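Structure at a glance
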Amino acid sequence: MTVLSPLSRGTGALVRNETRLFLRDGGSLFFALVFPAVLLIGVGLAIPGMDERIPAGAGAGLPMIAFMIPPVLAAAVATPSLSTVPATIAAYREQGVLTRLSTTPMRPAGVLVAQLVVGVAAFLVATVLALAVGALVFTIPVPQQPLLVVVAVLLGAVAMFSVGMIIAARATKAATAQGVGMLVYFPMLFFAGLWTPGPVMPDAVAAVATWTPLGAASQAISAGWLGGGTPWLQLAVLVGYTVIGIAISARVFRWS
Amino acid sequence: MPVLEARHLRKAYGSTLAVDDVSLTLEEGQIVAVLGPNGAGKTTTVEMIAGLRQADAGTVRVLGLDPQADPHAVREQLGMQLQAARLPGRITVAEAVQLYASFYTDPADPAELLELLGLTGKVDTKFKDLSGGQQQRLSIALALVGRPKIAILDELTTGLDPHARREVWQLIESVRGSGVSILLVTHFMEEAERLADRVVIVDEGRVVAQGSPTELTARAEGDYAFQMQFAEQLPAELVESLRRLPEVTDLTIGDHGCTVTGLPMALPAVVGRLGAADRVPTDIHTMTRSLEDVFVQLTSEVPVP
């Protein structure tokens, strides 16, 4: 358990407790689990020609929807990581839930990690659900490197939640957390390729996107799914954002 | 050797001075009440003592540790119930106590603690469905679950009905009986009078008086008072002769009878003189000061009960 040693005693119990509270909150639970599926189906049906195969050039033979999966998953993780979960922590701060925790041996890192674990786990379940539903509606190609896809999705989610925790560490009101989250949200979605997926994204933009957490996640997932070698740089960028995000948020964290 | 000692604490928020100069000590096994009107700086004081807030000046020692330098060091041994602290609405009583127990090295048994606090029948009730008194009792449970040596309890009975308040008081007495030293923050005179070994009265960020409730309510010499009623009005010359008694400093006749202030020997002297004049009061009662009288006299505003 050396990995967990910097965390306070009871962090595991806090994770279980936050999971229980999350499962008890019907509305949030439904939204968290269904949102990625709705987003994927929505994008797939709203944009014409998503099920048509690309005749020639880059990605020839693949259906258009295949290029939308990475940015859609990226968008699906951005919502809880930048908005919902920071708002939850800010609401805890607003209500005095964190004030009570501050009187115990529990440290800020424990609070952040508990929310991160619950958020990432919920997103992974929702992703499986989205892909299962997506596969029923569209022709989704089988990933070329399934393990890489899993690693990229997991690492991308952890990196995004870590960045969101910086907002969560400071915001004194749920509404503030959501507002700040939204400011970061749209630039991130742009770099993730929601409007210029896969080969459509200009090279210069893609080069910048590699250094953003959501862009790196989208590119890494894309490489695993559609082929293109192991995206070492993107994976390293995601690890970097995770380490920096957790370190900054634990440092600037305020209890009240 | 005090378990807790604060010296000359000071804290300003911008241009507002919340705490000007507060010093207090808590001896092992004692209950010390910090009493003062709303906004007197009581909560800020205990937050500085616990290391939850950085003091602008002053020193704190809690069990030999310095919470201002290392707030985390005292968490295991200092239990706290803060007025502003809440729990998520959907957590149940049992879950909350078990969760908080998991934060400490040597926690109390959650079941025993809930039994002590009379919450055994409520273990599966969610926090938001508890009554105010039950929420406060759960708060005390969480402050005690780490088996602290010291507990700081802030405005514990505010918002409770008189019955629930008395229940909480009994509970605090039994907690003290188990060896925990308690720093109690309150604006209720009755609470301080009933529970505290020592009372520190704080107003506008400064300590205006401290001592045991008895010391604080004791009148200074020449400040002893009693009231008498008579069936008939006293003759003026008799009243004058009473006023001239060396033990009497003042005598007034009003709607509530005759009020005498003076030395402790004023009562026998006055009754003796009345007896010589063949007058007997129909009623005599001595007027003891309550902590409330002291409080109102010392602090700038009358607290809202």
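Residues numbered from 1 in each chain as written. Chains lettered and ligands numbered in written order. Predicted model: local features only at pLDDT ≥ 70, side-chain atom pairs only at ≥ 80, totals over all residues. Heavy atoms only, no water.

**So, the overall build of chain A**
Check the secondary structure of chain A and you find ten helices and zero strands. Starting at the N terminus and walking to the C terminus, you meet the elements of chain A as α-α-α-α-α-α-α-α-α-α. Radius of gyration (C-alpha) of chain A: 19 Å, near the 18 Å computed for a compact globule of 256 residues. Structurally, chain A occupies a C-alpha span of about 65 × 35 × 35 Å along its principal axes. Of all intrachain contacts in chain A linking residues separated by at least 6 positions in sequence, the fraction that spans at least 24 positions is 78%. Counting every atom, chain A has about 10,900 Å² of accessible surface; 72% of that belongs to carbon and sulfur. Once the 12 positive and 6 negative side-chain charges of chain A are each reduced to a mean point, those two points are 23 Å apart. (Helix = DSSP H or I, 4+ residues; strand = E, 2+ residues; numbered from the N terminus. Rg over C-alpha atoms; globule rule 2.2 N^0.38 Å. Contact = heavy atoms within 4.5 Å. Areas by Shrake-Rupley, 256 points an atom, 1.4 Å probe, with all protein chains shown as cover. Lys, Arg positive; Asp, Glu negative; His and termini not counted. Charge placed at Lys NZ, Arg CZ, Asp CG, Glu CD.)

**Some points on the packing of aromatic side chains**
According to the stated counting rule, one finds five aromatic pairs over all chains in the structure shown. Where F31 of chain A meets F35 of chain A, the ring centres are 5.1 Å apart and the plane angle is 25 degrees; that geometry is what we call stacked. In this pair, F31 of chain A and F35 of chain A are both assigned in helix 2 (residues 26–46), four residues apart and thus about one turn of the helix distant. Residues F190 of chain A and F191 of chain A carry aromatic rings whose centres are separated by 5.3 Å and whose planes lie at 65 degrees to one another, so their mutual orientation is edge-to-face. A cation over an aromatic ring shows up here: R93 of chain A above the ring of F253 of chain A, its NZ or CZ 5.2 Å from the ring centre. When the ring centre of F188 of chain B is taken as reference, the NZ or CZ atom of R165 of chain B above it lies at 4.1 Å. (Phe/Tyr/Trp six-rings, centres within 6.5 Å; stacked < 30°, edge-to-face > 60°. Lys NZ or Arg CZ within 6 Å of the ring centre and 35° of its normal.)

**What to know about the interface of chain A and chain B**
Facing 22 residues of chain A, the contacting portion of chain B comprises 26 residues. Taken as a group, R100, T103 and P105 of chain A account for 33% of the area that chain A buries against chain B, more than any other trio of residues on that side. On the surface where chain A and chain B come into contact, there are three salt bridges. Between E95 of chain B and R20 of chain A there is a salt bridge; the shortest N-O distance is 3.3 Å. Taken together, chain A and chain B are joined by eleven residue pairs in polar contact (both at pLDDT 80 or more). Elements with a contribution of two residues or more to the side of chain A that touches chain B: helix 1 (11–24), helix 3 (64–95) and helix 4 (97–102) of chain A. Looking at the side of chain A that touches chain B, the element that brings in the most residues is helix 1 of chain A, giving six residues. Grouping the amino acids of the side of chain A that touches chain B by side-chain chemistry returns eight nonpolar, eight polar and six charged. (Buried area = accessible area lost by both parts, 1.4 Å probe. Salt bridge = Lys/Arg side-chain N within 4 Å of Asp/Glu carboxyl O. Polar contact = N/O pair within 3.5 Å; in protein donor to acceptor, adjacent residues only side chain to side chain. Nonpolar A, V, L, I, M, F, W, Y, C, P; charged D, E, K, R; others polar.)

**Description of the pairing of strand 11 (residues 248–254) of chain B**
Residues and elements named next belong to chain B. In this structure, strand 11 lies alongside strand 12 (residues 257–262), joined through six bridges in antiparallel fashion. Pairing of G254 across the sheet is with G257, part of strand 12. Two successive antiparallel strands, strand 11 and strand 12, enclose a turn made up of two residues. (Pairing = 2+ DSSP bridges.)

**Brief notes about helix 3 of chain A**
All names here are of chain A. Here helix 3 is 32 residues long and its end C-alpha atoms lie 46 Å apart, about the 46 Å a rise of 1.5 Å per residue gives. The sharpest bend along helix 3 reaches about 30 degrees and sits at P70. Along helix 3, 27 of the 32 residues are buried, which leaves the element largely enclosed by surrounding structure. Directly after helix 3, the chain includes G96, whose backbone phi takes a positive value near 95 degrees. (Expected span 1.5 Å × (residues − 1). Bend = angle between axes of the 7 residues up to and from the residue. Buried < 20%, exposed > 50% of the residue type's maximum accessible area, 1.4 Å probe, protein only.)

**Focus: the pattern of salt bridges**
Residues and elements named next belong to chain B. Going through the model one piece at a time under the given rule, you end up with 17 salt bridges over all chains. A salt bridge links D197 to R176; the nearest nitrogen and oxygen atoms lie 2.6 Å apart. In this pair, D197 sits in the loop between helix 6 (189–195) and strand 8 (198–203) while R176 sits in helix 5 (residues 162–177), placing the two residues 21 residues apart along the sequence. For D197, a relative accessible area of 29% translates into the label partly exposed. A salt bridge links R279 to E232, with the nearest nitrogen and oxygen atoms 3.9 Å apart. Residue R279 is found in the loop between helix 9 (266–276) and strand 13 (283–286), and its partner E232 is found in the loop between strand 10 (224–229) and helix 8 (236–243); the two are separated by 47 residues along the sequence.

**Quick notes on the nonpolar core**
If you look at the biggest cluster of nonpolar residues, it comprises 104 residues, and the most contacted ones within it are L214 of chain A together with L138, I172 and I182 of chain B. Ranked by the residues each element gives to this core, the list is headed by helix 3 of chain A, at 17 residues. Setting aside residues no more than four positions away along its own chain, I172 of chain B makes contact with I31, L153, L156, I182, L184 and L195 of chain B. Counting residues in hydrophobic clusters, the runner-up holds 29 residues, among them V32, V62, M80 and L82 of chain B. (Core = buried A, V, L, I, M, F, W, Y, C linked by side-chain atoms within 4.5 Å.)

**Comments concerning unusual backbone geometry**
Despite not being glycine, R147 of chain B shows a phi value in the positive range, around 50 degrees. Within the secondary structure, R147 of chain B is located in the loop between helix 4 (132–144) and strand 6 (150–154).

**Quick notes on a nonpolar patch on the surface**
A contiguous nonpolar patch, built from M182, F186, F190 and W195 of chain A and spanning about 400 Å² of accessible area, is present on the exposed surface. Relative to the helices and strands, F190 of chain A resides in helix 7 (residues 174–192). (Patch = residues over 30% accessible without salt bridge, like charges linked within 9 Å, V, L, I, M, F, W, Y side chains within 5 Å.)

**Digging into the environment of S241 of chain B**
Residue and element names in this part refer to chain B. Along the polypeptide, S241 turns up in helix 8. According to the relative accessible area criterion, S241 is buried, its value standing at 12%. Residues S241 and V294, 53 residues apart in the sequence, show an inter-C-alpha distance of 32 Å.

**Here we look at the sheet that holds strand 12 of chain B**
Residue and element names in this part refer to chain B. Strand order in this open sheet of four strands is 11-12-10-13, and the pairing throughout is antiparallel. Two strands lie at the open edges of the sheet, namely strand 11 and strand 13, each paired on one side alone. Geometrically, the sheet is characterised by an average inter-axis angle of 20 degrees between neighbouring strands, direction not taken into account. With five bridges connecting them, strand 10 and strand 12 associate as antiparallel partners. Among the inter-strand pairings, Q227 is bridged to a residue of strand 12, identified as T259. Packing of helix 9 onto the sheet brings it into contact with strand 10, strand 11, strand 12 and strand 13, and relative to strand 10 it is tilted by some 30 degrees. (Axes fitted to C-alpha atoms, helices over the stretch in contact; angles between N-to-C directions.)

**Here's the deal with the domain arrangement of chain B**
Under the domain assignment used here, chain B contains domain 1 (2–217) and domain 2 (224–286). Spacing between the C-alpha centres of domain 1 of chain B and domain 2 of chain B amounts to 47 Å. (Domains from an automatic or database assignment.)

**Regarding the packing of helix 3 of chain A against helix 7 of chain A**
Residue and element names in this part refer to chain A. One can describe the packing of helix 3 onto helix 7 by two numbers: an axis separation of 8 Å at closest approach and a directional angle of 165 degrees. When the axes of helix 3 and helix 7 are compared, the pair comes out roughly antiparallel. Crossing handedness for the pair helix 3 and helix 7: right-handed. Contacts between helix 3 and helix 7 involve P71, A74, A75, A78, T79, L82, S83, P86, A87, A90, A91 and E94 from the first element and A174, A177, Q178, G181, M182, V184, Y185, M188, L189 and A192 from the second. Each residue belonging to the contact of helix 3 with helix 7 can be placed in one class, and the counts come to 17 nonpolar, four polar and one charged. (Parallel < 35°, antiparallel > 145°, perpendicular 65-115°, else oblique. Left-handed = near helix turned anticlockwise from the far one by under 90°.)

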